[in-house]
Amino acid sequence: MGKRIIVIITLALFVFISLPLVLDFIPTQELSYVSQKYVKDGPEEVGAQNLVTAIIVTYRGFDTLGEVAVLFIATAGIGFILSREKWRKRKQRCSSSILQTGTRVLLPLIIMFGIYIFINGHLTPGGGFQGGVIIASGILVYILATPKNKLIDFLISLTESISGFGYVLLGVLGLILAAGFLDNSILPLGKFGRLFSAGAIPLIYSLIGLKVGSELVNILKYLRRD
Amino acid sequence: MELVILVVISLVMIAAAIMAIYSKNLISAIISAGVVSLLASIIYLLLAAPDVAMTEAAIGSGLTTVVFLYALNKMRKSGEDG
């Protein structure tokens, strides 16, 4: 009973603390100084139609590199903890033919949609992270349908290493050829709103998408083995 | 009109969240947690944040649900052994 009272008191305190956030909320009428700069100069400097992508990949590119690194560390941690469990040889049940046939139809479509999302990250909403997650869910269906696939394990590790390396390499190239780390103007900016525009953003976002997708597939793979 | 939709979705979200906590069946609890994320992504879309909505829909209601289901599966297996 005492525990319950403490929980209720804590919840009441939380409500009390966050009440000013609701009561004193004034919707801003104009953009802040930094946002104004992004909206005004973003299309010219970066050339991306989707301003969110311009901010995530170029203006705040270093943060995105940190996010990818955090995801990598999380994957490594999960792998470290779960791989200490003993490998038990267990007969893998064969998946049903409904799942196998469905996978054959759905897998290309899901992967194509994921690639579409991260390649068009600078034009339409979405980008590397979203596209990567969609690809990961597609490969999850494949893993469910055909367990014990050595080839896909190898391909996933290869993709993860190459895309992570390429991402950092592009950042360093920006340092050498353009204004700074992860600057997108190492490639020509191109015509605003076209697929091949906004400099290196489509390239960087594709690498982020592959990296995020393969990391998430790795997490699911570690969880699957027992 | 939009406000009405937002309020209705929020109420359903709260109901799903309460169900996720108090449900005796763990699988239905996991599914209701996924429903909370899915409805949250609809709210993000209505509030003009499509990028966040896509992330929430893909990670929150897709991958997290799968990870929870895997964890539940693992838990049951270790329960059988010991």
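What you are looking at is a predicted structure, and each value in this text was computed from that prediction instead of being measured.

On to the interface of chain A and chain B. With 20 residues of chain A at the contact, the number on the chain B side is 14 residues. Among the residues of chain A in contact with chain B, Gln130(A), Val133(A) and Leu223(A) are the three that bury the most area, contributing 33% of the side total. Where chain A touches chain B, the interface holds 0 salt bridges. In this structure, the connection of chain A to chain B is made through 2 residue pairs in polar contact (both at pLDDT 80 or more). For the side of chain A that touches chain B, the secondary structure elements donating two or more residues are α6 (128-145) and α8 (201-224) of chain A. Among the residues forming the side of chain A that touches chain B, the class breakdown is 10 nonpolar, 3 polar and 7 charged.

All names here are of chain B. Residues other than glycine seldom take positive phi values, yet Ala 48 does so here, at roughly 65 degrees. Within the fold, Ala 48 resides in the loop between α2 (26-46) and α3 (50-81). The exposure class of Ala 48 is exposed, given its relative accessible area of 65%.

For chain B, per-residue confidence averages 87 on the pLDDT scale, and residues scoring 70 or more make up 96% of the total. Scoring the predicted complex yields pTM 0.80 and, for the interface, ipTM 0.79.

On to the nonpolar core, then. Counting residues in each nonpolar core, the largest one holds 37 residues, and the members touching the most others are Ile139(A), Tyr167(A), Ile204(A), Ile208(A) and Leu216(A). In terms of residue count, the dominant contributor to this core is α8(A) (11 residues). Not counting residues within four places of it along the chain, the set of residues in contact with Leu216(A) comprises Val133(A), Ala136(A) and Leu63(B).

This part covers the packing of helix α3 (residues 51-59) of chain A against α8(A). Residue and element names in this part refer to chain A. Running from N to C, α3 and α8 point in directions that differ by 80 degrees, and their axes come no closer than 11 Å. Judged by the angle between their axes, α3 and α8 are roughly perpendicular. Where α3 abuts α8, its residues Thr 53, Ala 54, Ile 56, Val 57 and Thr 58 lie against Ile 201, Ile 204 and Tyr 205. When grouped by side-chain class, the residues that make up the contact of α3 with α8 number 6 nonpolar, 2 polar and no charged.

Moving on, we come to helix α4 (residues 61-82) of chain A. Note that an α-helix has 3.6 residues per turn; residues three or four places apart therefore point the same way. Residue and element names in this part refer to chain A. The end-to-end C-alpha separation of α4 is 32 Å, in line with the 32 Å expected for 22 residues at 1.5 Å each. Taken as a whole, α4 has its buried residues at Gly 61, Thr 64, Leu 65, Val 68, Thr 75, Gly 79 and Leu 82. Buried residues of α4 fall within an arc of 130 degrees about the axis and therefore sit on the same side. Structural note: α4 exposes Phe 62, Val 70, Ile 73, Phe 80 and Ile 81 on the side pointing more than 90 degrees away from its buried face.

Analysis parameters
Residues numbered from 1 in each chain as written. Chains lettered and ligands numbered in written order. Predicted model: local features only at pLDDT ≥ 70, side-chain atom pairs only at ≥ 80, totals over all residues. Heavy atoms only, no water. Contact = heavy atoms within 4.5 Å. Buried area = accessible area lost by both parts, 1.4 Å probe. Salt bridge = Lys/Arg side-chain N within 4 Å of Asp/Glu carboxyl O. Polar contact = N/O pair within 3.5 Å; in protein donor to acceptor, adjacent residues only side chain to side chain. Helix = DSSP H or I, 4+ residues; strand = E, 2+ residues; numbered from the N terminus. Nonpolar A, V, L, I, M, F, W, Y, C, P; charged D, E, K, R; others polar. Buried < 20%, exposed > 50% of the residue type's maximum accessible area, 1.4 Å probe, protein only. pLDDT = per-residue confidence, 0-100. Core = buried A, V, L, I, M, F, W, Y, C linked by side-chain atoms within 4.5 Å. Axes fitted to C-alpha atoms, helices over the stretch in contact; angles between N-to-C directions. Parallel < 35°, antiparallel > 145°, perpendicular 65-115°, else oblique. Expected span 1.5 Å × (residues − 1). Arc of directions from axis to C-beta.

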